[in-house]
Amino acid sequence: MNWDDTTDTPAAERLVGSAADREDQAVEAALRPKDLGEFIGQEKVREQLDLVLRAARARGATADHVLLSGAPGLGKTTLSMIIAAEMGAPIRITSGPAIQHAGDLAAILSSLQEGEVLFLDEIHRMSRPAEEMLYMAMEDFRVDVIVGKGPGATAIPLELPPFTLVGATTRAGLLPPPLRDRFGFTAHMEFYEPAELERVVHRSAHLLDVEMEADGAAEIAGRSRGTPRIANRLLRRVRDYAQVKADGIITREVAAAALAVYEVDARGLDRLDRAVLQALLKLFGGGPVGLSTLAVAVGEERETVEEVAEPFLVREGLLARTPRGRVATPAAWAHLGLTPPRSSAAGNGQQDLFGA
């Protein structure tokens, strides 16, 4: 499960990766809260969503369509299941990449029950023909099924029972405005604060029957990148370490020692993150340096550095993307315990030739 040294390792295999692997999915099913009262964090989203669902129940109507956006691992799937539970309705789960043709979507929509919740993950990756069919389904609860081909083709209207669509996306900017405007309620999931993640870790430890002290939970939460999925994954690895190397009780010292084994430092950076920073600081004096050059220096693909390592480094204020290339911030020098050279701000102009 830990991230290894191969250049083609997917983000899901990193210990601090936000994508879910099979183990995560199995554990999350057991740890997932069942109602809004159990859901930790996202206070504004929970309050707003609670009003939407209560009002719908009071009217005896289906809830408005809901769009949830935000980074992976923040609870979008969990909230979709909670919406179904709060409305007392079944839920159907699918994803945008699985719907490549309008007929795929028509088959799903035509089999929905009245009031059912349809959860469409990564909705921005749905095909354009299916997307256009979804417009009418969301607004008029109707789809037109095309029978035949060419000039003899006929559109047969198919009435749908009222349903609630819950769309989830990690890239809300890729959704076309006509689709986004058809959602009655939209919410953006924010990264969690350490105190919220401590509550998540305590709750998960209780459900997993793991004995843990408060400072142990704080240590895990502080390295979890603001993401509950990562917090639960780190908890499981620390639990394993505590059972084998300690007395089974997770303390701050045990958590720190366990995460040192898995190369997750006090700020949540792993081997790839530190390799990028070390190359940027030690080889290129803090930059600016082109992305391609930086990727070669760490022995990774350009896409791996850009899509896997950089987002967290930028969010933590350790790296900046500039028109001239990647630049380390003073916080990066401090985190690695290095002293920036006086000329680091000037950079090496030759590195710009390799592209930003």
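Relevant structure appears above.
Residues numbered from 1 in each chain as written. Predicted model: local features only at pLDDT ≥ 70, side-chain atom pairs only at ≥ 80, totals over all residues. Heavy atoms only, no water.

1. Things to note about the packing of helix H9 (residues 228-245) against helix H10 (residues 252-261)
Our working rule: In this analysis, axes come from line fits to C-alpha atoms, helices being fitted only over the stretch in contact, and the angle between any two N-to-C directions falls in the range 0 to 180 degrees. Secondary structure elements follow DSSP: runs of H or I no shorter than four residues count as helices, runs of E no shorter than two count as strands, and numbering proceeds from the N terminus. Oblique is the label for any angle not covered by the other classes, which are roughly parallel (under 35 degrees), roughly antiparallel (over 145) and roughly perpendicular (65 to 115). The contact definition used throughout considers only heavy atoms, calling two residues in contact when any of these lie within 4.5 Å. Under the scheme applied, nonpolar residues are Ala, Val, Leu, Ile, Met, Phe, Trp, Tyr, Cys and Pro; charged residues are Asp, Glu, Lys and Arg; polar residues are all the others, including Gly.
Between H9 and H10, the shortest axis-to-axis distance is 9 Å and the interhelical angle comes to 105°. By the angle class used here, H9 and H10 are roughly perpendicular. Contacts between H9 and H10 involve Leu 234, Val 238, Tyr 241 and Ala 242 on the former and, on the latter, Val 254, Ala 255, Ala 257, Ala 258, Leu 259 and Val 261. Its residues assigned to classes, the contact of H9 with H10 shows 10 nonpolar, no polar and no charged.

2. Description of the packing of aromatic side chains
Operational definition: Only Phe, Tyr and Trp rings are paired, with Trp represented by its six-membered ring, and only when their centres lie within 6.5 Å; those with planes under 30 degrees apart are stacked, over 60 edge-to-face, the remainder tilted. Note on exposure labels: buried denotes an accessible area under 20% of the residue type's maximum, exposed denotes more than 50%, and partly exposed covers the range between, all computed with a 1.4 Å probe on protein chains only. The criterion for a charge sitting over a ring is simple: Lys NZ or Arg CZ within 6 Å of the ring centre, and within 35 degrees of the ring normal.
Overall, the coordinates contain 1 aromatic pair when judged by the stated rule. Between Phe 141 and Phe 163, the aromatic rings sit 5.5 Å apart at their centres with planes inclined by 80°, giving edge-to-face as the arrangement. Note that Phe 141 is positioned in the loop between helix H5 (128-140) and strand S4 (142-147) and Phe 163 in the loop between strand S5 (154-159) and strand S6 (164-169), a separation of 22 residues in sequence. Taking the relative accessible area as the measure of exposure, Phe 163 reaches 1% and is therefore buried. The aromatic ring of Phe 312 is capped on one face by Arg 225, whose charged end is 3.9 Å from the ring centroid. Above the plane of the ring of Phe 191 lies Arg 315, whose end atom (NZ or CZ) is 3.6 Å from the centre.

3. Focus on the sheet that holds S6
To keep it simple, the criterion reads: A pair of strands counts as paired when DSSP detects no fewer than two bridges linking them.
What the 5 strands build is an open sheet, ordered S2-S3-S6-S1-S7; its pairing is parallel. Strands at the two margins of the open sheet, each flanked by one partner only, are strand S2 (91-95) and strand S7 (185-188). On average, adjacent strands in this sheet sit at an angle of 15° to one another, irrespective of strand direction. In this structure, strand S3 (residues 117-121) lies alongside S6, joined through 4 bridges in parallel fashion. Paired with Phe 119 across the strands is Val 166, a residue of S6. Against the sheet, helix H2 (residues 43-59) makes contact with strand S1 (66-69) and S7, and its axis sits at roughly 165° relative to S7, the strand it touches most.

4. Overview of the pairing of S6
Where burial is concerned, most of S6 is hidden: 6 out of the 6 residues are buried. A two-sided burial pattern is seen for S6, the buried positions comprising Thr 164, Val 166 and Ala 168 on one face and Leu 165, Gly 167 and Thr 169 on the other. As defined by bridge partners, S1 adjoins S6 across 4 bridges and the pair is classed as parallel. Paired with Leu 67 across the bridge in S6 is Gly 167.

5. Overview of the environment of Pro 330
Tracing the chain through its elements places Pro 330 in helix H14 (residues 330-335). Residue Pro 330 is classed as exposed on the basis of its relative accessible area, which comes to 69%. Note: C-alpha distance between Pro 330 and Gly 286 (44 residues apart in sequence) is 9.2 Å.

6. Quick look at the packing of H2 against helix H3 (residues 76-87)
What counts here: By definition, turning the near helix anticlockwise from the far helix through less than a right angle yields a left-handed crossing, and turning it clockwise yields a right-handed one.
Between H2 and H3, the shortest axis-to-axis distance is 10 Å and the interhelical angle comes to 30°. On the basis of their axis angle, the class for H2 and H3 is roughly parallel. For the pair H2 and H3, the crossing hand works out as right-handed. Across the interface between the two elements, Val 45, Leu 49, Leu 53, Ala 56 and Arg 57 of H2 pack against Leu 79, Ile 83, Glu 86 and Met 87 of H3. Looking at the contact of H2 with H3, its residues break down into 7 nonpolar, no polar and 2 charged.

7. Re the pattern of salt bridges
Note the following rule: We define a salt bridge as a contact between a side-chain nitrogen of Lys or Arg and a carboxyl oxygen of Asp or Glu at a distance within 4 Å.
Counting across every chain of the model gives 17 salt bridges. The closest approach of N and O atoms between Arg 203 and Glu 38, which form a salt bridge, is 3.0 Å. Of this pair, Arg 203 sits in helix H7 (residues 194-207) while Glu 38 sits in the loop between helix H1 (22-31) and H2, and the two are 165 residues apart along the sequence. Residue Arg 203 is classed as partly exposed on the basis of its relative accessible area of 21%. Three or more residues joined by partner-sharing salt bridges are found here, namely Glu 219, Arg 223 and Arg 252.

8. Points about the nonpolar core
Quick reminder of the rule: Side-chain atoms within 4.5 Å are what join buried Ala, Val, Leu, Ile, Met, Phe, Trp, Tyr and Cys residues into a set we call a nonpolar core.
Among the nonpolar cores identified, the biggest contains 49 residues, and Leu 49, Leu 79, Met 212, Ile 220 and Ile 250 are the most heavily contacted of them. With 6 residues, the single largest contributor to this core is H9. Apart from the residues within four sequence positions on either side, Ile 220 is in contact with Val 201, Met 212, Ala 231, Leu 234, Leu 235, Val 238, Ile 250 and Ala 255.

9. Some words on the pairing of S2
Operational definition: When the strands point away from the viewer, a crossover counts as right-handed if the route from the first strand across the helix to the second turns clockwise.
Inspection of the sheet shows S2 paired to S3 by 5 bridges, in the parallel sense. Bridging from a neighbouring strand, Ile 91 pairs with Val 117 of S3. As for the winding sense of the linkage, the β-α-β connection from S2 through helix H4 (residues 102-110) to S3 is right-handed.

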